[in-house]
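# Fold and geometry: a report
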Amino acid sequence: MREQKSMEVGNRLKAERVQEALRAMPEWKQVEAGKAIVRVRELPGTAAAEYGAFVLSLAAALHQPVQLVLTGKQVVITLRGTPETGINNSTLRLAGHLG
């Protein structure tokens, strides 16, 4: 527990903790000066729209903010955490669920 606290500032994760987590999820990239993470997926047919609906539903169930841009077969997902906490464990957990 002590080590976990040292990796957080309030509820906000330290930058090195976010970078460590993203190394395990290479499809996610840090953007907006480290305040958000983004992933782009290309899916066939109607799968992009269906996946977009899944992303929104899961984010709502987990009370996590998400920005979703759907253009044809491309889905762009941006996770920002919250203004108070930035990228936190909940943000990274959602990214992990989304793959």
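Below, the structure is looked at part by part.

Here is what the cut-offs are and how they apply
Residues numbered from 1 in each chain as written. Predicted model: local features only at pLDDT ≥ 70, side-chain atom pairs only at ≥ 80, totals over all residues. Heavy atoms only, no water. Salt bridge = Lys/Arg side-chain N within 4 Å of Asp/Glu carboxyl O. Helix = DSSP H or I, 4+ residues; strand = E, 2+ residues; numbered from the N terminus. Buried < 20%, exposed > 50% of the residue type's maximum accessible area, 1.4 Å probe, protein only. Phe/Tyr/Trp six-rings, centres within 6.5 Å; stacked < 30°, edge-to-face > 60°. Lys NZ or Arg CZ within 6 Å of the ring centre and 35° of its normal.

## Remarks on the pattern of salt bridges
- Applying the stated criterion across every chain yields a total of 1 salt bridge.
- Residue Arg80 pairs with Glu32 through a salt bridge whose shortest N-O separation is 2.6 Å. With a gap of 48 residues between them, Arg80 in the loop between strand E6 (74-79) and helix H4 (89-98) and Glu32 in the loop between strand E3 (29-31) and strand E4 (36-42) connect regions that are remote in the sequence.
- By relative accessible area, Arg80 is classed as partly exposed at 31%.

## Some details on the packing of aromatic side chains
- Tallied over the entire structure, the rule returns 1 aromatic pair.
- Here Tyr51 and Phe54 contribute two aromatic rings whose centre-to-centre distance is 6.1 Å and whose plane-to-plane angle is 40°, an arrangement assigned as tilted. One end of the pair is Tyr51 and the other is Phe54, both in helix H3 (residues 47-61) and 3 residues apart, which spans about a single turn.
- In this structure Tyr51 comes out as buried when scored by relative accessible area, which is 12%.
- When the ring centre of Tyr51 is taken as origin, the NZ or CZ atom of Arg41, which lies over that ring, is 4.6 Å away.

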